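Structural description and commentary
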Amino acid sequence: MEKTLIIPAADDFHVHLRQGDLLKNVVPLVISGGAARVMVMPNTTPPVYTSLDAADYKSELQKSAPQTEFLMTMYLKSTLTETEIKAAKNNGVLALKLYPKGVTTNSEEGVSGFEDLYPVFENMQEYGLVLSIHGELPYDTGQNICVMNAEEKFLPYLTKLHKDFPSLKIVLEHVSSKAAVDFIKNSGPEVAATITPHHLELTVDDWARNFHNYCKPVAKYPEDREALRQVVIEGNSKFFLGSDSAPHLKSKKDIAKPAAGIFTTPLLMVYLADTFDRLGCLDKLKDFSSTFGRTFYDLPENKKTIKLIKEEQVVPDEYNGIVPFRAGEILSFRIEVDV
Ligand code: NCD
Ligand code: ZN
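Overview of the structure. (Residues numbered from 1 in each chain as written. Chains lettered and ligands numbered in written order. Predicted model: local features only at pLDDT ≥ 70, side-chain atom pairs only at ≥ 80, totals over all residues. Heavy atoms only, no water.)

Topic: the sheet that holds strand β7 (residues 170–172)
Selection criterion: Note on pairing: DSSP must find at least two bridges between two strands before they are called paired. Working definition: helices are DSSP H or I runs of at least four residues, strands are E runs of at least two. Numbering for both runs from the N terminus. All axes here are fitted lines through C-alpha atoms, helices being fitted over the stretch that makes contact, and every angle between N-to-C directions spans 0 to 180 degrees. We call two residues in contact when some of their heavy atoms are within 4.5 Å.
In space, the 8 strands of this open sheet follow the order β2-β3-β4-β5-β6-β7-β8-β9, with parallel pairing throughout. Each of the sheet's edge strands pairs with one partner strand only, and the pair in question is β2 (10–15) and β9 (239–241). When strand polarity is set aside, the average angle formed by the axes of neighbouring strands in this sheet is 30 degrees. Alignment of strand β3 (residues 35–40) against strand β4 (residues 69–75), held across 4 bridges, turns out to be parallel. Of the residues in β4, the one forming a bridge with Met39 is Leu71. Those strands touched by helix α3 (residues 51–64) are β3 and β4, and its axis lies near 150 degrees from that of β4.

Here it is as structure tokens:
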């Protein structure tokens, strides 16, 4: 029987859209992948540090895709003053992104501890800015860190942060472990998480033998993937879509030290329809991709709709030199976007 699903276009609450030629090639693909509204990460070179940087970046993105709505973020630094945080709020910046130093692409300017950041968190809580977190503990913390435990070992710090700032809205980005899933379930309503399409599919074996599947945080054990699958199957509203689509040119991936990041933007909703259908929870896709996230961020529902039709297609080998997730594989849906 033909399956067709008509739902609002997606909100993707975590995407990397880059700069220059990469930006021009990637940004028009947002709408073809089924997302109408995207939260853009600030780890550009140089990073998005001020609300002026965010406004400039937004207008550049808008030029490449006038029909897409871009939600802006800024790179969190301990030097951010109350005036800057207030200005960010007034200029429509939704979240500040915290990168622990050195854990992923362009995180060299990230933070080394939370102590210096307490005044910033205080102001964010007061002005209603969301704290978006890359939750991995860096190697230099003397806690036997490796890619497999870096997320779990970060959680005690998050527990303290949440306790000290109970009204600060926090999003733990791209959760990848059962420990993180349990942490989110057991925390208050101010704390939520994003889940990527690739963490619903991959485990450690997949990136150990194919570096196109290498991203930070890395995909973990089968029981971790199972925990992620279970929360989408049960339709838990604390978990919503943030693709963490992170394009890198093939020349930066097909090498001995590959860049971290998986590119899902061009077929975003097709990957998800394929996965949700296989998991028997296609009826949960709408809330995951267009209700839970916008409710957390207090945004209205998207007016645009997308149609997902059960019909096979092969994932292209590349898009302008960028290899997409599951290249060459067959997906069981195609998409029509109302633009
Ligand atoms: C992201 C990138 O390339 O910007 N990479 C990744 O593996 N996810 C950064 C990030 O979100 O960690
Ligand atoms: Zn990311």
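Section: the packing of helix α7 (residues 178–186) against helix α9 (residues 222–233)
Stated formally: Gly is put with the polar residues, along with every residue not named as nonpolar or charged; the nonpolar set is Ala, Val, Leu, Ile, Met, Phe, Trp, Tyr, Cys and Pro, and the charged set is Asp, Glu, Lys and Arg.
Direction vectors running N to C along α7 and α9 enclose 35 degrees, while the axes themselves pass 8 Å from each other. Here Lys178, Val181 and Lys185 of α7 come into contact with α9, specifically with Glu223, Asp224, Ala227, Leu228 and Val231. Residue classes in the contact of α7 with α9 are distributed as 4 nonpolar, no polar and 4 charged.

Focus: the nonpolar core
This is how it is decided: Remark: nonpolar core denotes a set of buried residues (Ala, Val, Leu, Ile, Met, Phe, Trp, Tyr, Cys) joined through side-chain atoms within 4.5 Å. Think of it in three bands: residues with accessible area under 20% of the maximum for their type are buried, residues over 50% are exposed, and the middle band is partly exposed, with areas taken using a 1.4 Å probe on protein chains only.
Ranked by internal contacts, the top residues of the largest apolar core, which has 99 residues, are Leu17, Phe121 and Leu308. Considering each element in turn, this core owes the most residues, 7 residues, to helix α11 (residues 268–278). Aside from chain neighbours lying at most four places away, what touches Phe121 is Leu76, Leu98, Phe114, Leu131, Leu161, Phe165 and Leu168. Within the second largest apolar cluster, 17 residues are counted, among which are Met39, Ala95, Val171 and Tyr297.

What about the coordination of the zinc ion (ligand 2)?
As a reminder, the rule being used: Think of the donor list as every N, O and S atom within 2.8 Å of the metal, or within 3.2 Å for Na, K and Ca; water never makes the list, so a site can look incomplete. Each label reflects the angles at the metal, where four donors whose angles all fall between 85 and 135 degrees are tetrahedral, four or six donors whose opposite pairs open beyond 155 degrees and whose other angles stay between 65 and 115 are square planar or octahedral respectively, and the rest are irregular.
The zinc ion (ligand 2) binds to the protein through His14 (NE2), His16 (NE2) and Asp244 (OD); the donor distances cover 2.0 Å. Viewed at the metal, the 4 donor atoms of the zinc ion (ligand 2) are separated by angles of 93 to 139 degrees, and the geometry they form is irregular. Between the donor residues of the zinc ion (ligand 2), the gaps in sequence give the motif H-x1-H-x227-D. Placement of His16 in the loop between β2 and α1 (20–26) and of Asp244 in the loop between β9 and α10 (250–253) is noted, with a sequence separation of 228 residues between them.

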